[in-house]
Amino acid sequence: MNAHAIAVTSSEDKSEIVKQAGADEVIVSPDLKFSGEVWRRTGKQGVDVVLENVVSNTFGESLRSTAQNAVVVVLGNIGATRVEIDPGLVIVRRIRISGSGNATYKDVEIALHLLATGAVKPFIGAVLPFPRASEGHAMMEQRAVVGRVVLSGW
């Protein structure tokens, strides 16, 4: 898409995998205070698009990382908790906040095509049999896996 992607991770261990996934730059921020570094790397311009999939501990920093007229797409909320929004920041920067919604059949068709052609390469950190689903959840909650946990079989 000819975009310059800046990714944020809280763990140095994940940095190389994030680069392999296509990030041009990776900010490692264990304390999740990354907006200052985003501003530094963008020449104090901010970013045009944020794909936010953590939210609970990162939403404010994501908003502070944006340029004028940016779009912040909320893809998930790991902690599933409420977050506060600074309306002044949203107004002054004219930030548009959008939910990702559910995928349509066409979206799934496109995603499968991208996977089949190798345009998108998911990183699978662990494959577990379905009866061990709780172990997979525990791995994710403890941040003990890099990438996705895939369940196989029934």
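Scope of this entry: the structure provided in the associated data block. As the structure is a computational prediction, the values presented were derived from the model and not from experiment. (Residues numbered from 1 in each chain as written. Predicted model: local features only at pLDDT ≥ 70, side-chain atom pairs only at ≥ 80, totals over all residues. Heavy atoms only, no water.)

**Let's talk about the nonpolar core**
Move 1: By size, the foremost hydrophobic cluster in this structure holds twelve residues: Ile27, Phe34, Val38, Val47, Val50, Val55, Phe59, Leu63, Val72, Leu89, Val90 and Ile95.
Move 2: At the level of secondary structure, the elements contributing two or more residues to this core comprise strand 3 (47-52), helix 3 (59-64) and helix 4 (87-93).
Move 3: In terms of nonpolar packing, the next biggest core, distinct from the first, is built from five residues, Ala126, Leu128, Val145 and Val149 among them. (Core = buried A, V, L, I, M, F, W, Y, C linked by side-chain atoms within 4.5 Å. Buried < 20%, exposed > 50% of the residue type's maximum accessible area, 1.4 Å probe, protein only. Helix = DSSP H or I, 4+ residues; strand = E, 2+ residues; numbered from the N terminus.)

**Concerning the pattern of salt bridges**
Move 1: If you walk through the whole model with that rule in mind, you get six salt bridges.
Move 2: The residue Glu37 makes a salt bridge to Arg41 at a minimum N-O spacing of 2.7 Å. Of this pair, Glu37 and Arg41 both sit in helix 2 (residues 35-41), four residues apart, roughly one helical turn.
Move 3: With a relative accessible area of 22%, Glu37 lands in the partly exposed category.
Move 4: For Arg41, a relative accessible area of 29% translates into the label partly exposed.
Move 5: Two residues, Lys106 and Glu109, come together in a salt bridge whose shortest N-O distance is 3.7 Å. Note that Lys106 and Glu109 are positioned in helix 5 (residues 105-117) at a spacing of three residues, about one turn of the helix.
Move 6: One network of salt bridges, in which partners are shared, links Glu25, Glu37, Arg40 and Arg41. (Salt bridge = Lys/Arg side-chain N within 4 Å of Asp/Glu carboxyl O.)

**Some details on a nonpolar patch on the surface**
Move 1: There is a patch of nonpolar side chains on the surface, built from Val108, Ile110, Leu112, Leu114, Leu115 and Val120 and spanning about 470 Å² of accessible area.
Move 2: Mapped onto the fold, Ile110 is located in helix 5.
Move 3: Residue classification places Ile110 among the partly exposed positions, given a relative accessible area of 41%. (Patch = residues over 30% accessible without salt bridge, like charges linked within 9 Å, V, L, I, M, F, W, Y side chains within 5 Å. Areas by Shrake-Rupley, 256 points an atom, 1.4 Å probe, with all protein chains shown as cover.)

**Notes on the side chain of Thr66**
Move 1: Among the secondary structure elements, Thr66 is positioned in strand 4 (residues 66-74).
Move 2: Judged by relative accessible area, which is 0%, Thr66 ranks as buried.
Move 3: Thr66 has contacts with Trp39, Gln45, Gly46, Val47, Val50, Val72, Arg93 and Ile95, leaving out every residue within four places of it along the chain. (Contact = heavy atoms within 4.5 Å.)

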